[in-house]
Amino acid sequence: MKKYLFALLLMLTTNVYASDCIALQGIEFQKVDTYKFLASKNGKNVAFVHVNAAIPDGVVRFRFFSEELCNSGAASEFQMNEKLVRVVREMGKRYSDGGITFFK
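Considering the nonpolar core
Side chains that are nonpolar tend, in soluble globular proteins, to be buried together.
Then step 1. Counting residues in each nonpolar core, the largest one holds 17 residues, and the members touching the most others are Ile22, Val49, Val51, Leu69, Phe78, Met80 and Ile100.
Then step 2. Elements with a minimum of two residues in this core: strand E3 (36–41), strand E4 (44–50) and strand E7 (77–80).
Then step 3. Discounting residues that sit within four places of it in the chain, Phe78 has contacts with Val51, Phe62, Arg63, Phe64, Phe65, Leu69, Lys83, Leu84, Val85 and Val87.

What follows is the structure, encoded as structure tokens:
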């Protein structure tokens, strides 16, 4: 019984993390920190997005390779001013922080 419960919990948590994506249509990004964007849609804040490269000041040109931006996998990579960047989770914190942190 414990094996089945463990397997069920593992599948549920895996699915939760796999679905941490933002549909990019209509999304606007605003720099809020050196490695953090605020994603918003129609004036409503959607999520913070942490990246592995310093975000330059001024105009930033984006190129996405998918219709959504995700915490992991191929959809976590995009170009920022022609430089390949990816979404990352911040390390060394007690709680899982970083990646894409959604507003509730």
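A word on the state of the cysteines
Then step 1. Tallied over the entire structure, the rule returns one disulfide.
Then step 2. Each sulfur of the disulfide joining Cys21 and Cys70 lies 2.0 Å from the other. Since a negative S-S torsion denotes a left-handed disulfide, the Cys21-Cys70 link at about 110° is right-handed. With Cys21 in strand E1 (residues 21–23) and Cys70 in strand E6 (residues 68–70), this residue pair connects regions lying 49 residues apart in the sequence. With respect to burial, Cys21 and Cys70 carry one shared label: buried.

Describing the side chain of Asn71
Then step 1. Residue position: Asn71 is located in the loop between E6 and E7.
Then step 2. The class for Asn71 is buried, based on a relative accessible area of 10%.
Then step 3. In this structure the side chain of Asn71 is engaged in a polar contact, spanning 3.1 Å, whose partner is the side chain of Asp20.

Let's talk about the side chain of Ser76
Then step 1. When you line up the elements, Ser76 lands in the loop between E6 and E7.
Then step 2. The contact partners of Ser76, leaving out residues within four places of it in the chain, are Leu69, Cys70, Asn71, Val85, Arg86 and Val87.

Concerning the pattern of salt bridges
Then step 1. Tallied over the full model, the rule gives one salt bridge.
Then step 2. In this structure, Asp57 engages Lys31 in a salt bridge whose closest nitrogen and oxygen atoms are separated by 2.7 Å. Of this pair, Asp57 sits in the loop between E4 and strand E5 (62–64) while Lys31 sits in strand E2 (residues 27–33), and the two are 26 residues apart along the sequence.
Then step 3. The class for Asp57 is exposed, based on a relative accessible area of 65%.
Then step 4. Classification of Lys31 as partly exposed rests on a relative accessible area of 31%.

Criteria and thresholds
- Residues numbered from 1 in each chain as written.
- Predicted model: local features only at pLDDT ≥ 70, side-chain atom pairs only at ≥ 80, totals over all residues.
- Heavy atoms only, no water.
- Core = buried A, V, L, I, M, F, W, Y, C linked by side-chain atoms within 4.5 Å.
- Buried < 20%, exposed > 50% of the residue type's maximum accessible area, 1.4 Å probe, protein only.
- Helix = DSSP H or I, 4+ residues; strand = E, 2+ residues; numbered from the N terminus.
- Contact = heavy atoms within 4.5 Å.
- Disulfide = S-S within 2.5 Å.
- Polar contact = N/O pair within 3.5 Å; in protein donor to acceptor, adjacent residues only side chain to side chain.
- Salt bridge = Lys/Arg side-chain N within 4 Å of Asp/Glu carboxyl O.

That is the geometry; function is a separate question.
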